[in-house]
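Listed below, chain by chain, are the residues.
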Amino acid sequence: MAGIILTGCNGKMGRAVTNGVAETDGCEIIAGIDVFTEERYGYPVFSSPALISKEITDKADAIIDFSNPSALAGLLEYAVKNSIPAVICTTGLNDSQINLIKTASEKIPVFFSANMSIGVNLVCELAKKAAAVLGDAYDIEIIEIHHNQKIDAPSGTALMIADAINDELENSYKYEYNRQSKREKRTKKEIGIHAVRGGTITGEHQVMFAGHDEIITISHSARSKELFATGAINAAKFICSKPAGLYNMSDMLK
Ligand SMILES: NC(=O)c1ccc[n+]([C@@H]2O[C@H](COP(=O)([O-])OP(=O)(O)OC[C@H]3O[C@@H](n4cnc5c(N)ncnc54)[C@H](O)[C@@H]3O)[C@@H](O)[C@H]2O)c1
């Protein structure tokens, strides 16, 4: 793999991926896409994938996207039209946007994960195991903590962990986001999901299994954004040589 197109290049993750690619042998960012088209890092920046020239498109081996859900449809259209594998890391996508990803993956390789760190993916596996062992004798609550600039809540990662647990429990649990609006006890078949925002916190996730007289907590703490950038670059390398399909961190860890 050599040429990467980076969506959201002028954002916080865009900067981390730009730095990560600069330190990766044989890799280069050949174009950025961002609503802010300032060229900060020595590669051209376009406000839309439709404006990228054929010359650049022909050199693209993968797209990495850390931007905003509003960019997704145009980006996937461009990726499919030009047969470029895509790594989608943007969170806060709705069901129809997730369906767009699934449809695109019938034509091109698409890697999609709300969290690009190996550690969080291990947390999912550990939480599934805990849920299988503990059953509904333990109440499950997920707490996620992020910096004060994060737009979506709860985090895509909190939902990813909840979905992993719920899959293990035959999708019999409901998600409870807001206890404030009702005055009633929690039920057994629910996963509470809570978002905390403040300062510059990169990303904390705790999964709590609260039982009678004991609490088991599985937690993950991201200490820098480089962690996610490295995961995205590795994912781009991974899908470059793969056939069309939908891939995630579990595929890369096999
Ligand atoms: N999957 C993961 O591991 C992971 C890790 C960190 C962040 N994220 C997600 O990545 C996204 C970006 O995070 P960030 O911290 O860099 O945010 P950010 O706000 O710092 O950067 C987003 C960038 O995208 C640009 N942008 C917005 N709308 C756009 C559009 N329609 N087309 C092109 N560019 C557009 C913005 O101008 C900005 O430069 C968020 O959804 C965040 O939750 C995912």
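What counts and how
Residues numbered from 1 in each chain as written. Predicted model: local features only at pLDDT ≥ 70, side-chain atom pairs only at ≥ 80, totals over all residues. Helix = DSSP H or I, 4+ residues; strand = E, 2+ residues; numbered from the N terminus. Axes fitted to C-alpha atoms, helices over the stretch in contact; angles between N-to-C directions. Parallel < 35°, antiparallel > 145°, perpendicular 65-115°, else oblique. Left-handed = near helix turned anticlockwise from the far one by under 90°. Contact = placed C-beta atoms within 7 Å. Nonpolar A, V, L, I, M, F, W, Y, C, P; charged D, E, K, R; others polar. Pairing = 2+ DSSP bridges. Right-handed = clockwise from strand over helix to strand, strands pointing away. Core = buried A, V, L, I, M, F, W, Y, C linked by C-beta atoms within 7 Å. Buried ≥ 20, exposed ≤ 12 C-beta atoms within 10 Å, placed from the backbone.

(A) Quick peek at unusual backbone geometry. That bond from Ala-153 to Pro-154 is cis: its omega, -5 degrees, falls within 30 degrees of zero. Of note in the backbone geometry, Ser-83 takes a positive phi value of approximately 55 degrees without being a glycine. As for its placement among the helices and strands, Ser-83 is situated in the loop between helix H3 (72-81) and strand E5 (86-88).

(B) Broad picture of the packing of helix H1 (residues 12-22) against helix H7 (residues 226-240). For the pair H1 and H7, interaxial distance at closest approach is 9 Å and the crossing angle is 60 degrees. On the basis of their axis angle, the class for H1 and H7 is oblique. In this structure, the crossing between H1 and H7 has a hand that is right-handed. Residue-level contacts link Met-13, Ala-16, Val-17, Gly-20 and Val-21 of H1 to Glu-226, Phe-228, Ala-229, Thr-230, Ala-232 and Ile-233 of H7. Its residues assigned to classes, the contact of H1 with H7 shows eight nonpolar, two polar and one charged.

(C) Focus on the pairing of strand E2 (residues 28-33). Pairing geometry for strand E1 (residues 3-7) and E2, over five bridges, is parallel. Opposite Gly-3, over in E2, you have Glu-28 as the bridge partner. Once the chain exits E1 it traverses H1 before rejoining the sheet at E2, and the crossover so formed is right-handed. One ladder, built from two bridges, connects E2 with strand E3 (residues 45-46); its direction is parallel. Counterpart to Gly-32 in the pairing with E3 is Val-45.

(D) Highlighting the nonpolar core. Counting 42 residues, the largest nonpolar core has Val-17, Ile-63, Ile-64, Ala-86, Val-87 and Ala-232 as the members making the most contacts within it. Broken down by secondary-structure element, the contributors of at least two residues to this core are E1, H1, E2, strand E4 (62-65), H3, E5, strand E6 (109-112) and H7. Broken down by element, this core gets its largest block of residues, eight residues, from H7. In contact with Ile-64, not counting residues within four places along its chain, are Ile-4, Leu-6, Val-17, Val-87, Cys-89, Ala-232 and Ala-236. Counting 18 residues, the second largest nonpolar core, distinct from the first, contains Val-120, Ala-127, Ala-158 and Ile-191.

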